[in-house]
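Single-letter residue listing:
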Amino acid sequence: MTSKPSTPGHALPEGLHADTLAVRVAIERSQYGENSEALYLTSGFVQPDSATSAARFASGEGYTYTRTSNPTVTMFEKRLAALEGTEAAIGAASGMGAILMMIMGLLKAGDHVVLSRSMFGSTLNLFGKEFAKFGVQTTFVSQTNVDEWRAAVQPNTRLLFAETPTNPLTELCDIAALADIAHQAGALLAVDNAFATPVLQRPASLGADLVMHSGTKYLDGQGRVMAGALCGSAELISGKFAPVMRTAGMVLSPFNAWVVLKGLETLSVRVKAHCQNALAVAQWLEAQPNVARVYYPGLPSHPQHALALRQMGGLGGGVVTFEVKGEGAEQLQRRAFHVIDSCSWLSIATNLGDTKTIVSHPATTSHGRLSEEQRLAAGMSQGVIRVAVGLEYPQDVMADLARGLDGCGALN
């Protein structure tokens with residue numbers, strides 16, 4: 001949970017590019033001089049004497065117990081903070097664990113949150129159902145309408161929270177505008193950056209106070225482990241979230257931290273390749289007669305394409321979502337299922353950010369626990385299909401999707 005970038009053997013000079021930081025930020029090498037960062041698979045650390053043990057447990061400095069801190073986890077936290085341009089970061093067992101840590105560290109009964117209604121389904125349920133039990137109030141607003149965010153702020157508002165782009169409809173929010181609204185109200189702005197990653201956008205540079213990650217996705221990049229993180233000021237990380245993590249135990253395991261740490265080394269090249277492939281698939285989908293609409297920020301047809309050019313470096317990310325043509329929920333779902341089930345080798349799964357292309361039906365998976373009213377309020381019909389485009393040859397991805405698309409219009 002420290003923030004000063006360093007590399008094994010010596011401190012890094014100022015001004016290094018993010019691609020270099022993604023490979024080099026770590027902690028000092030051990031006495032063995034390893035070049036690849038070490039994996040410390042231990043639950044506890046032997047102390048030299050009782051006084052040192054007592055001092056470390058009291059101060060939190062040094063390593064005592066992996067639920068409190070671990071060198072491998074520290075390396076991941078330092079590297080991610082360097083990429084996001086924040087003072088510090090703290091790992092968590094998953095992205096949802098990171099959000100839980102954020103809520104527990106910042107909010108109490110009677111506090112108010114403004115939340116995009118287009119957020120990930122589990123995030124909506126965590127705020128709207130679980131934490132409502134404990135007196136945390138939430139107002140859900142349009143992802144894209146800044147005026148709704150401003151109007152929703154109350155005297156007891158403590159947090160504004162949005163993901164950009166959203167899952168699965170790839171809606172963007174204007175991070176700088178929301179930061180201004182939050183700070184004028186004395187609140188914090190948190191941004192879920194899992195879809196874009198710091199390769200495409202760095203929310204802290206636009207005024208966000210906290211950046212949340214599901215490391216399970218692009219940070220890992222091969223669908224191997226669960227991980228999450230919060231990035232922000234050293235004061236927030238050490239003062240608000242570290243005590244929650246130590247007490248509640250949503251700790252990131254050293255092995256998972258090591259996997260994601262190594263994933264960060266290739267993050268830039270992978271994300272750019274995902275974007276290139278996704279754009280090709282999105283352009284192809286727009287030309288398909290049985291596709292009603294394509295959602296992808298890299299397309300000029302996306303209503304926030306100009307914002308994507310400015311906020312995401314002109315790239316659209318690796319997720320393409322589209323809606324098949326049809327009428328009524330039953331027909332739309334039948335046609336969407338047909339497209340998905342006709343794929344011969346694309347993965348039908350719920351993750352994203354993998355090297356393998358993943359196809360899913362959000363209305364019955366990631367957003368399946370929401371009511372139909374909630375899904376429609378977020379603009380998501382039963383005909384929506386999400387394609388997390390991987391690193392395969394894009395024309396092969398198109399050909400597999402075409403198997404179902406070519407005939408779905410004939411289904412009643």
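Quick summary incoming for the structure in this document. (Residues numbered from 1 in each chain as written. Predicted model: local features only at pLDDT ≥ 70, side-chain atom pairs only at ≥ 80, totals over all residues. Heavy atoms only, no water.)

1. Considering the overall build of the protein
Now for step 1: What the protein contains, in helices and strands, is 15 helices and 12 strands.
Now for step 2: Against the 2.2 N^0.38 benchmark of 22 Å for 412 residues, the protein shows a C-alpha radius of gyration of 22 Å, consistent with a compact globule.
Now for step 3: Over its C-alpha atoms, taken along the principal directions, the protein stretches across nearly 75 × 50 × 35 Å.
Now for step 4: Looking at the protein residue by residue over its 412 residues, the buried ones come to 55%.
Now for step 5: The long-range share in the protein, meaning contacts at least 24 apart out of those at least 6 apart in sequence, stands at 72%. (Helix = DSSP H or I, 4+ residues; strand = E, 2+ residues; numbered from the N terminus. Rg over C-alpha atoms; globule rule 2.2 N^0.38 Å. Buried < 20%, exposed > 50% of the residue type's maximum accessible area, 1.4 Å probe, protein only. Contact = heavy atoms within 4.5 Å.)

2. Some words on the packing of aromatic side chains
Now for step 1: All chains considered together, the criterion is met by four aromatic pairs.
Now for step 2: Aromatic pair F127 and F161: ring centres 6.0 Å apart, planes at 50 degrees, arrangement tilted. Of this pair, F127 sits in helix 5 (residues 121-130) while F161 is found in strand 4 (residues 157-163), placing the two residues 34 residues apart along the sequence. Here F127 matches F161 in class, with each residue buried.
Now for step 3: When the ring of F255 is compared with that of W258, the centres are 6.5 Å apart and the planes differ by 35 degrees; the resulting orientation is tilted. Linking F255 with W258, this pair stays in helix 10 (residues 254-264), spanning three residues, or about one helical turn. (Phe/Tyr/Trp six-rings, centres within 6.5 Å; stacked < 30°, edge-to-face > 60°.)

3. Focus on the side chain of Q143
Now for step 1: The topology assignment puts Q143 in the loop between strand 3 (137-141) and helix 6 (146-152).
Now for step 2: Assessed through its relative accessible area of 2%, Q143 is described here as buried.
Now for step 3: In this structure the side chain of Q143 is engaged in a polar contact, spanning 3.4 Å, whose partner is the backbone oxygen of E171.
Now for step 4: Residues contacting Q143, with those up to four places away along its chain left out, are S116, S118, W149, A162, E163, T164, T166, E171, L172 and C173. (Polar contact = N/O pair within 3.5 Å; in protein donor to acceptor, adjacent residues only side chain to side chain.)

4. Quick notes on the pairing of strand 2 (residues 112-116)
Now for step 1: Counted residue by residue, strand 2 has five buried out of five residues, so it is predominantly covered.
Now for step 2: Neither face of strand 2 is open: one carries H112, V114 and S116, the other V113 and L115, and all of them are buried.
Now for step 3: Sheet analysis places strand 2 next to strand 3, joined by five bridges and oriented parallel. Each bridged residue has a counterpart across the sheet, and for V113 the counterpart in strand 3 is T138.
Now for step 4: Crossover strand 2 to strand 3 through helix 5 is right-handed.
Now for step 5: Two strands pair when backbone bridges link them, and strand 2 and strand 4 are joined in this way by four bridges, in the parallel orientation. Each residue of the ladder has a partner; that of L115, found in strand 4, is F161. (Pairing = 2+ DSSP bridges. Right-handed = clockwise from strand over helix to strand, strands pointing away.)

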